[in-house]
Amino acid sequence: MNLWQDKRYYSLDTYYKEQFGDKVYKLSLNGNMTCPNRDGTLGTGGCIFCSSGGSGDFAACNKLSITEQIEEAKERVAKKVKSNRYVAYFQAYTNTYAPVSYLRSIFTEAIEHKEVVALSIATRPDCLPEEVLNLLAELNKRKPVYIELGLQTIHENSARLIRRGYSLPIFEEALNRLSGINIPVIVHVILGLPGENRKMMVATIDYLAKLPIHGIKLQLMHVLKNTELETLYLSDSKLFSLLQLEDYIELLIECLEHLPPRIVIHRLTGDGPKNLLVAPIWSGNKRLVLNTIQQELKKRDSYQGKYIRTNLE
Ligand code: SF4
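Q: Which residues make up the packing of aromatic side chains, and what values go with them?
A: A complete count under the given rule lists seven aromatic pairs for this structure. When the centroid spacing of 6.0 Å and the interplanar angle of 45° are considered together, the rings of Tyr15 and Tyr16 count as tilted. Here Tyr16 falls in the buried class, since its relative accessible area comes to 4%. Judged by centre distance (5.8 Å) and plane angle (50°), the rings of Tyr16 and Phe20 are tilted. Of this pair, Tyr16 and Phe20 both sit in helix α2 (residues 12-20), four residues apart, roughly one helical turn. Among the residues examined, Phe20 registers a relative accessible area of 12% and is labelled buried. An aromatic cluster is defined as three or more aromatic residues linked by ring pairs; in this entry it consists of Tyr10, Tyr15, Tyr16, Phe20 and Tyr146. Against the face of Tyr166 rests Arg164, its NZ or CZ located 4.4 Å from the ring centre.

Q: Can you lay out the site of the ligand for me, pointing to particular residues and giving the numbers?
A: As a matter of local geometry, the ligand sits amid 11 residues, with Cys35, Gly46, Cys47, Cys50 and Arg124 nearest to it. Its residues assigned to classes, the shell around the ligand shows five nonpolar, four polar and two charged.

Q: Can you break down the pattern of salt bridges residue by residue, with the values?
A: Throughout the structure, instances matching the rule amount to 19 salt bridges. The partner of Glu156 in a salt bridge is Arg164, and the shortest N-O contact between them spans 4.0 Å. With relative accessibility at 31%, the residue Glu156 sits in the partly exposed group. Taken together, the shared-partner salt bridges connect Glu250, Glu296, Lys299 and Arg300 into one network.

Q: So what about the side chain of Arg8? Which residues, and what values?
A: Assignment of secondary structure puts Arg8 in the loop between α1 (3-6) and α2. Looking at Arg8, its side chain comes within polar contact range of the side chain of Asp301, at 3.0 Å.

Q: Quick rundown of the pairing of strand β3 (residues 116-123)? Include the residues and the values.
A: The buried fraction of β3 is high, at eight of eight residues. Of the pairings in the sheet, the one linking strand β2 (residues 86-90) to β3 comprises five bridges and is parallel in character. Paired with Val87 across the strands is Ala118, a residue of β3. The parallel pair β2 and β3 is bridged by helix α4 (residues 100-111), and the resulting crossover is right-handed. Across five bridges, β3 lies against strand β4 (residues 145-152) in parallel orientation. Paired with Ala122 across the strands is Glu148, a residue of β4.

Each value, and the rule that gives it
Residues numbered from 1 in each chain as written. Predicted model: local features only at pLDDT ≥ 70, side-chain atom pairs only at ≥ 80, totals over all residues. Heavy atoms only, no water. Phe/Tyr/Trp six-rings, centres within 6.5 Å; stacked < 30°, edge-to-face > 60°. Buried < 20%, exposed > 50% of the residue type's maximum accessible area, 1.4 Å probe, protein only. Helix = DSSP H or I, 4+ residues; strand = E, 2+ residues; numbered from the N terminus. Lys NZ or Arg CZ within 6 Å of the ring centre and 35° of its normal. Near = heavy atom within 4 Å. Nonpolar A, V, L, I, M, F, W, Y, C, P; charged D, E, K, R; others polar. Salt bridge = Lys/Arg side-chain N within 4 Å of Asp/Glu carboxyl O. Polar contact = N/O pair within 3.5 Å; in protein donor to acceptor, adjacent residues only side chain to side chain. Pairing = 2+ DSSP bridges. Right-handed = clockwise from strand over helix to strand, strands pointing away.

Given below as structure tokens:
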């Protein structure tokens, strides 16, 4: 498989080229929804790491229509984009948390855009009722639809600390139902949550490695301004020790080695906007972080699936 020879893991870029025959860019959109963790249904503060933009700080302005957002987002990436194929990424807040008629109208508007080749929809596993699943299945017949679920961790204590607001069986049920209608699922995981050691983080990866997930976003825990995580970070340095770059890379490579080669790696680091980033500051230099990861993977002759391969041999 040639993907091992360059990046040593199954990158999103490689997957998109295989799937769509060309380079594809994700355009971050804002479907103008909220989240049960914010509107009082489950809570009002949100997950403790979530910015006021609902973890969609790169998304286009929600005052614009979906088509206008797509055009605006295209302009923003125009300098580095060499193709006209895009994934419409509904990123901000919980993008299935609205009446189905509304969801149908915004997802249809996106899917009908001639340069949009697929939809990627970020949501919570407890916000996928039957009628939404039916809609997703219907849209998936027109163009591929991906669902992104923010699991972050399998450990209930950590989930309580970050105020995720649902339990692991809810995630498993959503994954099974989405798999049952052939919707690929991408799972978000945060590495470096307060109170988690390396063994716990790798346990989350091992758990996901056995499930029928399509992709994973491995995200360094980073602290953003005006979040409860920032308050915790500034007030309790004992609970909170942020990973240094070397430690993060060490951990990340171990995680990659535990993931089977079929799982697409959508992200390898934190991706907070620089104007909101409180810590760790090194994570703001994304290019340096990604280059260092690539160098280390090569230096160690490390690759995704190493753990599984060596255990099979
Ligand atoms: S579920 Fe998502 S949008 Fe809602 S508070 Fe948590 S991170 Fe933010």
